[in-house]
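Next come the chains, spelled out residue by residue.
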Number of protein chains: 2
Amino acid sequence: MRMSVNARQTALYELRRRIISGELQGGDKLRASHLAEDMVISRTPISEALLKLEAEGLLIGDKSGFTVRSFSVQEVFDAIDLRGLLEAAAAERAAEIGATEDHLQRLKDLLDEMDGILEDKNLDAYETLNETFHVAVLHASRSPILIEEAMRSYRLPFAGPSAFPIKETDHNRFHSSILTGQEHHRLIVEAIEARQSARVFSLMREHARVAHGNVEAALNARHATPQLALVKDA
Amino acid sequence: MRMSVNARQTALYELRRRIISGELQGGDKLRASHLAEDMVISRTPISEALLKLEAEGLLIGDKSGFTVRSFSVQEVFDAIDLRGLLEAAAAERAAEIGATEDHLQRLKDLLDEMDGILEDKNLDAYETLNETFHVAVLHASRSPILIEEAMRSYRLPFAGPSAFPIKETDHNRFHSSILTGQEHHRLIVEAIEARQSARVFSLMREHARVAHGNVEAALNARHATPQLALVKDA
DNA sequence: AAGTCAATATTTGCATGCAAAATAGATATT
DNA sequence: AATATCTATTTTGCATGCAAATATTGACTT
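Residues numbered from 1 in each chain as written. Chains lettered and ligands numbered in written order. Predicted model: local features only at pLDDT ≥ 70, side-chain atom pairs only at ≥ 80, totals over all residues.

Draft legend 1. Up close: the protein's contact with DNA strand C. Taken together, 20 residues sit near DNA strand C, with Ser33(A), Asn6(B), Ala7(B), Arg8(B) and Ser42(B) positioned nearest. Of all the elements in the fold, those that place two or more residues in the surface near DNA strand C are helix 2 (32-39) and helix 3 (43-56) of chain A together with helix 1 (7-20) and helix 3 (43-56) of chain B. Broken down by class, the residue content of the surface near DNA strand C amounts to four nonpolar, 11 polar and five charged. (Near = placed C-beta within 6 Å. Helix = DSSP H or I, 4+ residues; strand = E, 2+ residues; numbered from the N terminus. Nonpolar A, V, L, I, M, F, W, Y, C, P; charged D, E, K, R; others polar.)

Draft legend 2. Representation of the environment of Arg209(A) in the model. Examined against the element boundaries, Arg209(A) turns out to sit in the loop between helix 9 (197-208) and helix 10 (210-221). Along the primary structure Arg209(A) and Ser197(A) are separated by 12 residues, whereas in three dimensions their C-alpha atoms are 19 Å apart.

Draft legend 3. Up close: helix 8 (residues 171-193) of chain A. Residues and elements named next belong to chain A. Taking 1.5 Å of rise per residue, the 23 residues of helix 8 would be expected to cover 33 Å, and the 33 Å separating its terminal C-alpha atoms lies within 8% of that figure. Listed in full, the buried residues belonging to helix 8 are Phe174, Ile178, His185, Ile188, Val189, Ala191 and Ile192. Of the surrounding elements, those touching the buried residues of helix 8 are helix 4 (73-97), helix 5 (101-119), helix 6 (123-140) and helix 9. Looking one or two residues past helix 8, Arg195 carries a phi angle of roughly 60°, positive in sign. (Expected span 1.5 Å × (residues − 1). Buried ≥ 20, exposed ≤ 12 C-beta atoms within 10 Å, placed from the backbone. Contact = placed C-beta atoms within 7 Å.)

Draft legend 4. Layout of the interface of chain A and chain B. Between chain A and chain B, the residue contacts involve 15 residues of the former and 15 residues of the latter. Elements represented by at least two residues in the side of chain A that touches chain B include exactly helix 3, helix 4 and helix 7 (144-152) of chain A. Residues of the side of chain A that touches chain B, tallied by class, amount to nine nonpolar, one polar and five charged.

Draft legend 5. Quick look at the nonpolar core. In this structure, Ala91(A), Ile192(A), Ala91(B) and Ile192(B) are the most contacted members of the largest nonpolar core, which totals 102 residues. For Ile192(B), the residues in contact, after removing those within four places along its chain, are Ala91(B), Ala94(B), Ala95(B), Ala99(B), Ala140(B) and Val200(B). One finds Ala11(A), Leu50(A), Leu51(A) and Leu59(B) within the second-largest nonpolar core, a separate group that totals 33 residues. (Core = buried A, V, L, I, M, F, W, Y, C linked by C-beta atoms within 7 Å.)

Draft legend 6. Quick peek at the packing of helix 8 of chain A against helix 10 of chain A. Residue and element names in this part refer to chain A. Contact geometry of helix 8 with helix 10 gives a least axis separation of 10 Å together with a crossing angle of 175°. In terms of their interaxial angle, helix 8 and helix 10 are classed as roughly antiparallel. Each of Arg173, Ser177, Thr180 and Gly181 in helix 8 lies in contact with helix 10, whose residues at this interface are Val210, Asn214 and Ala217. The residue inventory of the contact of helix 8 with helix 10, partitioned by class, reads two nonpolar, four polar and one charged. (Axes fitted to C-alpha atoms, helices over the stretch in contact; angles between N-to-C directions. Parallel < 35°, antiparallel > 145°, perpendicular 65-115°, else oblique.)

Draft legend 7. Just the environment of Arg16(B), in detail. Along the polypeptide, Arg16(B) turns up in helix 1. Separated by 170 residues in the primary sequence, Arg16(B) and Arg186(B) place their C-alpha atoms 34 Å from one another.

Draft legend 8. The sheet that holds strand 3 (residues 66-68) of chain B, seen in detail. Residues and elements named next belong to chain B. Sheet architecture is open: three strands sit in the order 1-3-2, paired in antiparallel fashion. For this open sheet the edge positions go to strand 1 (29-30) and strand 2 (59-61), each flanked by a neighbour on one side alone. Where strand 1 and strand 3 come together, two bridges link them in antiparallel fashion. Bridging across to strand 3, Leu30 finds its partner in Phe66. The strands touched by helix 3 within the sheet are strand 1, strand 2 and strand 3, with strand 2 carrying the most contacts at an inclination of about 110°. (Pairing = 2+ DSSP bridges.)

What follows is the structure in C-alpha cells.
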C-alpha cells in the first residue's frame, strides 16, 4: 500500500487519490485511525494530510472528524468559471505588460504541437498538452500571485483545464470540444501578442465555459466518470 | 503565552499573529522545536499550524523547514487586485441572478450604518464595517465557491478590504480614501439592484484599487505599519 | 416507535521518544 | 581566504501512549 518513500507523501497522495477516484464517496466520514492502519503508517502524517486536503477544499472538517465534500452541479460550474476568471486575469495581464519573446514563442510552439497531435487523433496526449498550454498562459502574466491562485483552482478534479469528463462516454463530443478549444487557443495567443487585454480577458473566460457542456453531457450519460465522483445528484 | 483553550488554536493563531505583526520577519526560518518550547505546547500542533499557514500563503515550506514569506510591492498590488477580481465576480453574479430582498436590504442597512459612522468620524468602526459590507456583497452571489475563494484572498494582511495601512500615518488620506470608498459602495449596491452585472463588475474591481494608493503612501512614509511588515523593500 | 440516559467502545488531541536528516562548528587542505 | 572533511549538535519525521472527547450500543421509559 505504501506508495512513496515517506509517510507524509503516502498519506497525502493516497488519500487524495481515494477521494478523487470515487473510492471514497462524498459525505463519507474519515477516521484517521482507520486510514492509518489501512496505509500502514501512523496517525501523525494522516492528520497532516487531512488538514492539507481540507485547505484544498476536498474535505470538510467539522469539529471532530473530516468528511468528504460533495459538490452540487452549480458548484462544479462555479469552480470551472472561477478557473476561467483567474486564467482570464492572467491572460489580461500578459497582454497588458506584453508577453516576453520567450513566453510568446512557447505558446506558439505549444499551439503547433497540439495541432500535430490533433492530426494524429492522439486525443489522450492532447489532454496533457492542453493543461501545459494553460499553465504557459499563466506564466506569461509573470505574476506569482495570479499563477499560484489559478493553479490552486485546478485542484478540484472537475475544474482543471485537463478535465474532460466525457472523454470515455462521448468520443464525438470530446473531439469536437477539443476542436473548438484549439480554435480559442489560437485567438488567445493572437490577442496576447496584439496586446488586446480586454479581448483576451473575454476570450479566456469564455474558453473555460466549453467545459460546462461537457459536464452536463457526462452527467446525463450517467456513466461513472471518476472526475465527477464528488458531484451529488440533485 | 497560551491564548486559547486548545493547543491547536494556540499554535495557529499565535503563529499567524507573530507573522502578521512583523514580530517574525520575512525570510525568517521557523524551528518547530523552538516555537513549541516558546508557546509551551508540543511540536505536534505547531507542525499542523505550519502546514496550514503554508497553505494560506504566509509561509514557504522548502524541504526541511518553513520560512516566512515576503512579498514584493508588485505582489502586494497583485494580491489586492486578485481580491478585487474575486469580489467583482461575486458582485457580477449577484446582479445576474438578482440579489434576494434580504441580501439587498442588508447591503442598504450597512450603507446607512456606515454613513452614520462617518458623520461621527468614528473611523475605527468603519474599518470593521467595511469588511462586513464586502462580505455581504460576496454572500449576495449565493455562490459558496466564490465566497470561499474571495474570503481566502483576504488572508494576506495587506490584501483584505479592511487593510488600511495608512490609518496611523496619514489621517487625511485615510479619511478621504474612506469617503471615496463609501461613494463606490453606494454605486455598487445601486448596480446590483439594477441588475447591471457588467457595470458592477467594473465598479467592484476598480474599488479595490483604492488600496493601491494607500499602500504606496504607507511605504513612502516608511512608518513601520504592521500590515506591511512582510513587504520586502526593493 | 421514539426519546432518554448510562455504560462501553472508538477516536481524537497532544505530548513525547527515538532514529534519521539537516545544520553548524571545528579542523585540516588547497 | 576559500573549500573541503569530519564531528557534534540541533531539528525533524513519525510512531506511540494516554487522557479526554465523541460516538455507539442497549436497556429503560413514555
